[in-house]
Amino acid sequence: MKVSVFFAVIFLSSTQVHAQKFSTEKGTISFFSDAAIEDITAENTMVGSLFNSTTGELVYIVKIKDFIFPKALMREHFNEKYMETEKFPKALFNGKLKGYNVSTKGEQNVTATGKLTIHGVTRDVQVPGTISFDGGKATMKAKFMVALKDYDIKIPKLVWQNIAEEIEVTIDFAYKPMK
Amino acid sequence: MKRYLLGIALLTFSGLAFAQEDLMKELESSQTGDTDYAFQTFKGTRIVNGHTVETKPKGTLEFIFAHRFGEVNGGLYELFGLDDAYVRYGLDYGITDNLSVSYGRNSVDKTMDGYAKYKLLKQSKGAKNFPFTMTVLGGVAYRSSPKKDNVPAGFKTIDRFAYVTQLLVARKFNPNFSMQVMPTFIHKNAVDQNIEDNDQMAIGVGGRLKVTKSVALTSEYYYRLQVNENSPYKNTFGIGVDIETGGHVFQIVVTNTRGLTERAFITETDGDFSEGDIHLGFNVTRTFQLGGNRSKN
């Protein structure tokens, strides 16, 4: 009995000690708004993310001000009118990744389930994507739609340029192993 | 012994249960050391008549059309000032995110103006904390009137020039409210020394209050220091409503001046606001992106 408890404890703690964690500070998130008058694209290449491949836990933080647009004015409007960046400087994801095997080579289809917070609104989401492990590194990719009204993002009536009600978001994270 | 083991097991278990939150905390703690700069302390490069701390982002060209009607107290005969018009057509361009230049043509005294504007300090919080934004402005104005063959005796070309230097200091107190002070120095090469000095100083105060995401109220006042006792001129004051629609900003203003260069509106305002010498006017801006924008702030 004593021995088995001992081993159980050792086993439990060892899973923690040897948990394989991945990190990136330069993940890319881009979005695309397809609208009648003007298509808008923006890219943020400074997304921070941590991924624990042992437990499947996945978190990332997107600083809204780091999105870069083809026009300076788009960026002004994005931060000031839509995202209210001073009030809500970050978007967050906190969830779990399922459906992968660390030792499998090549791209694997996975699902991320968790809480996505944008513009101060948190919603439960399920996002399909892919992951591939290669030589100790991991690459995660996903593409999904975000409806502005789900996150209480309002478009001012006076804005002439149409903005799509649904924005296509693309995620591309290249992780390095953490020590 | 059993209790001891239970303790370890609980500890291990709780460690697992809170792992998720820890991962988010771990990520957050790795992200300190970030500085957030205040953006858009003011919507445009002008409050009402005078400049704001804002410079144009790199590669951005802004066309400003400013227009002032005549005085409202002109009565029905002047259609309350609407029969008269004073205009300035101007272009502002961002060479870098912090350095802008502009050029304009004014109908008042047929004046051409040119400015250079540099953002010296930026309000920020986070790793780097700084309470305000500071911009330095230098400008030259050249008046083409009077006409060459019509000048008084002794009037030289150099007398047509006037210069302005301003230190613009602004703070964005919250997303809706910003204030600015502008110590100003103006030198005019030629003046009537009975009523004014070549070197004149003023201190301006201005602000912006956002009413909705696209509509803001603005106001500015310049107080002249050490005014010549025979000066017929008044301190300038103006109120505006900014309305933003996509790439345009419409600004409807009321002010006691028709001038749109510092020489004209700070040192040569002849209207008395309280007596109804009020000019209705508007500023319309349109922004164009010329170069690629990879600006960070």
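Residues numbered from 1 in each chain as written. Chains lettered and ligands numbered in written order. Predicted model: local features only at pLDDT ≥ 70, side-chain atom pairs only at ≥ 80, totals over all residues. Heavy atoms only, no water.

**Student:** Help me understand the overall build of chain B in this model?
**Tutor:** Assigned secondary structure in chain B consists of three helices and 14 strands. Since a compact globule built from 297 residues should have a radius of gyration of about 19 Å, the 26 Å found for chain B marks it as more spread out than a globular shape. Per-residue burial for chain B yields a buried fraction of 47% across its 297 residues. Expressed as a percentage of contacts within chain B between residues at least 6 apart in sequence, the contacts between residues at least 24 apart total 58%. With the model as given, the accessible surface of chain B reaches about 14,400 Å², and the carbon-plus-sulfur share is 62%. (Helix = DSSP H or I, 4+ residues; strand = E, 2+ residues; numbered from the N terminus. Rg over C-alpha atoms; globule rule 2.2 N^0.38 Å. Buried < 20%, exposed > 50% of the residue type's maximum accessible area, 1.4 Å probe, protein only. Contact = heavy atoms within 4.5 Å. Areas by Shrake-Rupley, 256 points an atom, 1.4 Å probe, with all protein chains shown as cover.)

**Student:** Which parts of the structure should I look at to understand the sheet that holds strand 11 (residues 215-225) of chain B?
**Tutor:** The strands that make up a sheet pair up through hydrogen bonds in the backbone, lying either parallel or antiparallel. Residue and element names in this part refer to chain B. Pairing in this closed barrel of twelve strands is antiparallel, and the strands run 2-3-4-5-7-8-9-10-11-12-13-14 around the ring. Shown here is a sheet whose adjacent strand axes are inclined to one another by a mean of 20 degrees, direction ignored. The pairing of strand 12 (residues 237-245) with strand 13 (residues 248-255) spans eight bridges and is antiparallel. The partner of Val-241 across the bridge, within strand 13, is Ile-252. (Pairing = 2+ DSSP bridges. Axes fitted to C-alpha atoms, helices over the stretch in contact; angles between N-to-C directions.)

**Student:** What should I look at first to understand the sheet that holds strand 2 (residues 40-52) of chain A in this one?
**Tutor:** Residue and element names in this part refer to chain A. Taking strand neighbours around the barrel as the criterion, the eight strands line up as 1-2-3-4-5-6-7-8 in a closed arrangement whose pairing is antiparallel. Going across the sheet, the axis of each strand differs from the next one's by a mean of 25 degrees, ignoring polarity. By the bridge criterion, six bridges tie strand 6 (residues 121-134) to strand 7 (residues 137-147) in an arrangement that is antiparallel. Paired with Ser-132 across the two strands is Thr-139, which belongs to strand 7.

**Student:** I would appreciate a short explanation of unusual backbone geometry in the present structure.
**Tutor:** Residues and elements named next belong to chain B. Looking along the chain, the bond that leaves Ser-145 and enters Pro-146 is cis, with omega of 0 degrees. With a phi angle near 45 degrees, Lys-110 is a residue other than glycine that sits in the positive phi range. The topology assignment puts Lys-110 in the loop between strand 4 (99-106) and strand 5 (111-121).

**Student:** Would you take a moment to explain the confidence of the model for chain A for this structure?
**Tutor:** Do not read the fine detail of predicted coordinates wherever pLDDT is low. All names here are of chain A. Per-chain confidence: chain A averages 86 in pLDDT, with 86% of residues scoring 70 or above. Within chain A, no element has a lower average pLDDT than helix 1 (residues 2-17), which sits at 54, and none a higher one than strand 5 (residues 108-118), at 96. Here residues 13-18 scores under 50 on pLDDT; set against residues more than four positions off or in separate chains, the count is six contacts. (pLDDT = per-residue confidence, 0-100.)

**Student:** How do you make sense of helix 2 (residues 72-82) of chain A when you look at a structure like this?
**Tutor:** Judged by how many residues are buried, helix 2 of chain A sits mostly within the fold: eleven of eleven residues are covered. Taken residue by residue, helix 2 of chain A has A:Ala72, A:Leu73, A:Met74, A:Arg75, A:Glu76, A:His77, A:Phe78, A:Asn79, A:Glu80, A:Lys81 and A:Tyr82 as its buried positions. Next to the buried residues of helix 2 of chain A lie strand 1 (21-33) and strand 2 of chain A together with strand 2 (60-71), strand 10 (199-210), strand 12 and strand 14 (279-289) of chain B.

**Student:** In this structure, what is going on with the pairing of strand 6 of chain A? I would like to understand it.
**Tutor:** Side chains on a regular strand alternate between the two faces of the sheet. Residues and elements named next belong to chain A. Sheet topology places strand 5 next to strand 6; eleven bridges connect them, and they run antiparallel. Across the sheet, Leu-116 pairs through a bridge with Arg-123, a residue of strand 6. The hairpin formed by strand 5 and strand 6 contains two residues between the paired strands, and His-119 there has a positive phi angle of roughly 55 degrees. Hairpin connection from strand 6 to strand 7: two residues lie between these consecutive antiparallel strands, with Gly-135 at a positive phi of about 50 degrees.

**Student:** Just to check I follow, could you spell out the pattern of salt bridges for this structure?
**Tutor:** Pairing of side chains with opposite charge becomes possible as their charged atoms draw close. Residue and element names in this part refer to chain B. Per the stated rule, a full pass over the model turns up 23 salt bridges over all chains. When the shortest N-O distance is used, the salt bridge between Arg-143 and Asp-109 registers 3.4 Å. With Arg-143 in strand 7 (residues 133-143) and Asp-109 in the loop between strand 4 and strand 5, this residue pair connects regions lying 34 residues apart in the sequence. Residue Arg-143 is classed as partly exposed on the basis of its relative accessible area of 23%. Its salt-bridge partner being Lys-188, residue Glu-196 comes within 2.7 Å of it at the nearest N-O pair. (Salt bridge = Lys/Arg side-chain N within 4 Å of Asp/Glu carboxyl O.)

**Student:** In this structure, what is going on with the packing of aromatic side chains? I would like to understand it.
**Tutor:** Two aromatic rings, taken as a pair, are described by how far apart their centres are and by the angle between their planes. Inspection of every chain in the model, using the stated rule, returns 23 aromatic pairs over all chains. Between A:Phe51 and A:Tyr100, the aromatic rings sit 5.7 Å apart at their centres with planes inclined by 65 degrees, giving edge-to-face as the arrangement. Here A:Phe51, found in strand 2, pairs with A:Tyr100, found in the loop between strand 4 (90-98) and strand 5; they are 49 residues apart in sequence, far enough to count as distant. Residue classification places A:Tyr100 among the buried residues on the basis of a relative accessible area of 17%. Relative to A:Phe133, the ring of A:Tyr100 lies with its centre 5.9 Å away and its plane at 45 degrees, an arrangement referred to as tilted. Separated by 33 residues along the polypeptide, A:Tyr100 in the loop between strand 4 and strand 5 and A:Phe133 in strand 6 bring together distant segments of the chain. Judged by its relative accessible area of 8%, A:Phe133 falls in the buried class. An aromatic cluster is present here, built from A:Phe22, A:Phe51, A:Tyr60, A:Phe93, A:Tyr100, A:Phe133, A:Phe173 and A:Tyr175 joined pairwise through their rings. One cation-aromatic arrangement involves B:Lys122 over B:Tyr37; the distance from NZ or CZ to the ring centre is 5.2 Å. (Phe/Tyr/Trp six-rings, centres within 6.5 Å; stacked < 30°, edge-to-face > 60°. Lys NZ or Arg CZ within 6 Å of the ring centre and 35° of its normal.)

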